[in-house]
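# A structural walkthrough
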Amino acid sequence: MNENTPIIRKGRKFDQVLEGARDLFMSHGFESIGVDDIARRAGVSKATLYSYFPDKRILFMEVARQECQRQAETLEAAVDVELPVEVVLGVVGRGMLEIVLSDFGWNMFRVCIAEGERFPELGQQFFETGPKILIDRMCEFLEIAEARGEVRVDDVALAADQFPELCKAGLFLRRVTGVQTKFSQDEIDRVVDGAVEMFMARYGVKAG
């Protein structure tokens, strides 16, 4: 099989397989889950599973794609671009951290790093269906906020990259190193509020 052209064949139990795989991948990650485990959780035979997904990594990619899309849509639905820029940034920052610090976010990061050389399309797909969507929406919102006179941004793409990184300050590193796996809302609020304050100090337009 050509790894650069994943084959996915849909059928009657396709969604059933995906749901079973999602439950296991989200709970246990990629490496520790075998095809037998997925088939058993989904209630299908290994032959049925392989008929849809010839490779476990392809199955993981499809689970990740759908999960990224779902989370991106959930975050987008929570954002009202008509609100003041500080409010919107706060909603985006908290929503992004909920994803980044989740078991799903952690498992995706681990798999992209561990499988990066052998399976580069996984990292690319994750970026395209997750972080890139956030960055693109940030660019669009910053252009709206600039048109309203709330911010002045010379390099919108750079600013859209900077804000998510500010929101991860300290928290993401502790998560990926295993120093801390659970974070209180106060910890998240402290970092996001600080990120918004710093971002607005750089790009905000003072009233009057």
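Since this is a predicted model, take the numbers as computed values, not measurements. (Residues numbered from 1 in each chain as written. Predicted model: local features only at pLDDT ≥ 70, side-chain atom pairs only at ≥ 80, totals over all residues. Heavy atoms only, no water.)

Counting its secondary structure elements, the protein chain contains 11 helices and 0 strands. Ordered by position from N to C terminus, the α and β elements of the protein chain give α-α-α-α-α-α-α-α-α-α-α. A burial count over the protein chain gives 43% of its 208 residues as buried. For the protein chain, contacts bridging at least 24 residues in sequence account for 71% of all contacts bridging at least 6. Put simply, the protein chain shows about 11400 Å² of open surface, and 52% of that area lies on carbon and sulfur atoms. (Helix = DSSP H or I, 4+ residues; strand = E, 2+ residues; numbered from the N terminus. Buried < 20%, exposed > 50% of the residue type's maximum accessible area, 1.4 Å probe, protein only. Contact = heavy atoms within 4.5 Å. Areas by Shrake-Rupley, 256 points an atom, 1.4 Å probe, with all protein chains shown as cover.)

On to the layout of surface pockets, then. Roughly 790 Å³ of internal volume is contained in the largest pocket. Contributing to the lining of the largest pocket are 38 residues, with Met-96, Gly-130, Pro-131, Leu-134 and Ile-135 lying nearest its centre. At the level of secondary structure, the elements contributing two or more residues to the lining of the largest pocket comprise helix 4 (56-78), helix 5 (85-100), helix 6 (103-114), helix 7 (120-129), helix 8 (131-147), helix 9 (156-167) and helix 10 (171-176). Among the elements that make up the lining of the largest pocket, the one with the highest residue count is helix 8 (9 residues). Broken down by class, the residue content of the lining of the largest pocket amounts to 27 nonpolar, 4 polar and 7 charged. Estimates place the volume of the second largest pocket at around 170 Å³. What lines the second largest pocket is Arg-70, Gln-71, Thr-74, Leu-75, Gly-95, Glu-98, Ile-99 and Ser-102. The set of elements that each furnish at least two residues to the lining of the second largest pocket consists of helix 4 and helix 5. When residues in the lining of the second largest pocket are grouped by element, the largest group, 4 residues, is from helix 4. Its residues assigned to classes, the lining of the second largest pocket shows 2 nonpolar, 4 polar and 2 charged. (1 Å grid on protein atoms, 1.4 Å probe; cavity = no way out; pocket = protein on both sides within 12 Å on 5 of 7 lines; lining within 4 Å. Points joined across faces, edges and corners; volume = space filled by probe spheres on them. Nonpolar A, V, L, I, M, F, W, Y, C, P; charged D, E, K, R; others polar.)

Our focus in this paragraph is the side chain of Lys-56. Note on placement: Lys-56 falls in helix 4. On the basis of relative accessibility, which here comes to 19%, the residue Lys-56 falls in the buried class. Of the polar contacts made by the side chain of Lys-56, one reaches the backbone oxygen of Ile-33; its length is 2.6 Å. (Polar contact = N/O pair within 3.5 Å; in protein donor to acceptor, adjacent residues only side chain to side chain.)

We now examine helix 5. In a regular helix each residue adds 1.5 Å, so 16 residues correspond to 22 Å; helix 5 covers 22 Å between its end C-alpha atoms and thus fits that length. The set of residues buried in helix 5 consists of Val-85, Val-88, Leu-89, Gly-90, Val-92, Gly-93, Gly-95, Met-96, Leu-97 and Val-100. Against helix 4, helix 6, helix 8, helix 9, helix 10 and helix 11 (185-203) lie the buried residues of helix 5. (Expected span 1.5 Å × (residues − 1).)

Residues Leu-89, Met-138, Phe-163 and Phe-199 are the most contacted members of the largest nonpolar core, which totals 33 residues. Elements with a contribution of two residues or more to this core: helix 5, helix 8, helix 9 and helix 11. Per-element tally for this core: the top contributor is helix 11, with 8 residues. Discounting chain neighbours no more than four positions away, the residues touching Phe-199 are Leu-89, Leu-142, Ala-159, Phe-163, Leu-166 and Gly-204. In this structure, Ile-38, Ala-39, Ala-42 and Tyr-52 belong to the second largest nonpolar core, which totals 30 residues. (Core = buried A, V, L, I, M, F, W, Y, C linked by side-chain atoms within 4.5 Å.)

Before going further, it helps to examine the packing of aromatic side chains. Under the counting rule described, the total for this entry stands at 7 aromatic pairs. Ring geometry for Phe-25 versus Phe-60: centroids 4.8 Å apart, planes at 80°, classification edge-to-face. Taken as a pair, Phe-25 in helix 1 (residues 14-28) and Phe-60 in helix 4 lie far apart in primary sequence, 35 residues in all. Using a relative accessible area of 2% as the deciding quantity, one classes Phe-60 as buried. Both rings, one in Phe-199 and one in Tyr-203, keep their centres 4.9 Å apart while their planes meet at 50°; by these two values the pair is tilted. Residue Phe-199 and its partner Tyr-203 are located together in helix 11, separated by 4 residues, close to a single helical turn. Across the pair, exposure class does not vary: Phe-199 and Tyr-203 are buried alike. A connected cluster of aromatic rings, assembled from ring pairs, spans Phe-14, Tyr-52 and Phe-53. If you follow Lys-168 out to its NZ or CZ, it ends over the ring of Phe-172, 4.6 Å from the centre. (Phe/Tyr/Trp six-rings, centres within 6.5 Å; stacked < 30°, edge-to-face > 60°. Lys NZ or Arg CZ within 6 Å of the ring centre and 35° of its normal.)

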